[in-house]
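Now for the letters of each chain:
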Amino acid sequence: MNKKYIVRLSEAERQVCERAVSELKGSSQKARRARILLQADADGPAWTDETIAEAFGCRVQTVENVRKRFVTESFEAALEAKKRESPPKAPILDGEAEAKVIALRLGKPPAGYGRWTLRLLAGQVVELEIVESISYETVRRMLKKTG
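Presented here is a report on the structure given in the accompanying data block. Note that the structure is a prediction, hence the values are computed from the model and not measured. (Residues numbered from 1 in each chain as written. Predicted model: local features only at pLDDT ≥ 70, side-chain atom pairs only at ≥ 80, totals over all residues. Heavy atoms only, no water.)

## Some details on the overall build of the protein chain
The helix and strand tally for the protein chain stands at eight helices and zero strands. Helices (α) and strands (β) of the protein chain occur, in sequence order from the N terminus, as α-α-α-α-α-α-α-α. On C-alpha atoms alone, the protein chain measures out to a radius of gyration of 26 Å, which is more than a quarter above the 15 Å that the 2.2 N^0.38 rule sets for 147 residues. Counting across all 147 residues of the protein chain, residues that qualify as buried make up 31%. In the protein chain, of all internal contacts separated by at least 6 residues, the share reaching a separation of at least 24 is 50%. Summed over its atoms, the accessible surface of the protein chain is roughly 10,100 Å², and 50% of this surface lies on carbon and sulfur atoms. (Helix = DSSP H or I, 4+ residues; strand = E, 2+ residues; numbered from the N terminus. Rg over C-alpha atoms; globule rule 2.2 N^0.38 Å. Buried < 20%, exposed > 50% of the residue type's maximum accessible area, 1.4 Å probe, protein only. Contact = heavy atoms within 4.5 Å. Areas by Shrake-Rupley, 256 points an atom, 1.4 Å probe, with all protein chains shown as cover.)

## Focus: the pattern of salt bridges
Within the structure shown, the criterion is met by 10 salt bridges. A salt bridge links Arg14 to Asp41; the shortest N-O distance between them is 2.5 Å. Of this pair, Arg14 sits in helix 1 (residues 11-23) while Asp41 sits in the loop between helix 2 (28-40) and helix 3 (49-56), placing them 27 residues apart in sequence. Note that Arg67 is salt-bridged to Asp49, the shortest N-O span being 2.5 Å. Of this pair, Arg67 sits in helix 4 (residues 60-72) while Asp49 sits in helix 3, placing them 18 residues apart in sequence. Per residue, the accessibility class of Arg67 equals that of Asp49, and both read buried. (Salt bridge = Lys/Arg side-chain N within 4 Å of Asp/Glu carboxyl O.)

## Section: the nonpolar core
Core analysis: the largest hydrophobic core is formed by 18 residues, its most contacted members being Leu9, Cys17, Leu37, Phe70 and Phe75. Of all elements in the fold, only helix 1, helix 2, helix 3, helix 4 and helix 5 (75-79) reach the threshold of two or more residues within this core. Aside from chain neighbours lying at most four places away, what touches Phe75 is Leu9, Glu13, Val16, Cys17, Leu37 and Phe70. Counting 14 residues, the second-largest nonpolar core is a separate cluster that includes Leu104, Leu120, Leu121 and Ile134. (Core = buried A, V, L, I, M, F, W, Y, C linked by side-chain atoms within 4.5 Å.)

## Focus on the packing of aromatic side chains
Taken as a whole, this structure holds two aromatic pairs when the rule is applied. Between Trp47 and Phe56, the ring centres sit 6.4 Å apart and the planes meet at 20 degrees, which makes this aromatic pair stacked. Overall, Trp47 belongs to the partly exposed group, its relative accessible area being 31%. Ring geometry for Phe70 and Phe75: centres 6.3 Å apart, planes at 90 degrees, overall edge-to-face. For the residue pair Phe70 and Phe75, the accessibility class agrees, reading buried in each case. A cation over an aromatic ring shows up here: Arg119 above the ring of Tyr136, its NZ or CZ 4.1 Å from the ring centre. (Phe/Tyr/Trp six-rings, centres within 6.5 Å; stacked < 30°, edge-to-face > 60°. Lys NZ or Arg CZ within 6 Å of the ring centre and 35° of its normal.)

Given below as structure tokens:
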């Protein structure tokens, strides 16, 4: 089968890959991607994707993805992990809502309470409709972050 993305490493790129493998600097995933590139090199061993996947304990799709990123993006992009453009989940509290929670926390607690608890704060935030629902743990993290 003809491969769509052919890897041809320059001498400098080959040395970077060999150094990443031998020194194991960076993540283990970076070392694995360096090994994949070294073995997929058309001017070198030129192993098949199946052989590389079996040798390094990964899926064939992983090998294909590394090969594709090398050809379409760059050598550095193929070695480094892809950065997320946005977090997997949007934050519950934005800056304005955080300010309201902090102001609430600094105010007097409700009648019958000596001080604010995290659960009490979370309940009050929902009651005041600052957010639809919130965990006391989210309130704790936010308060810890803001100091």
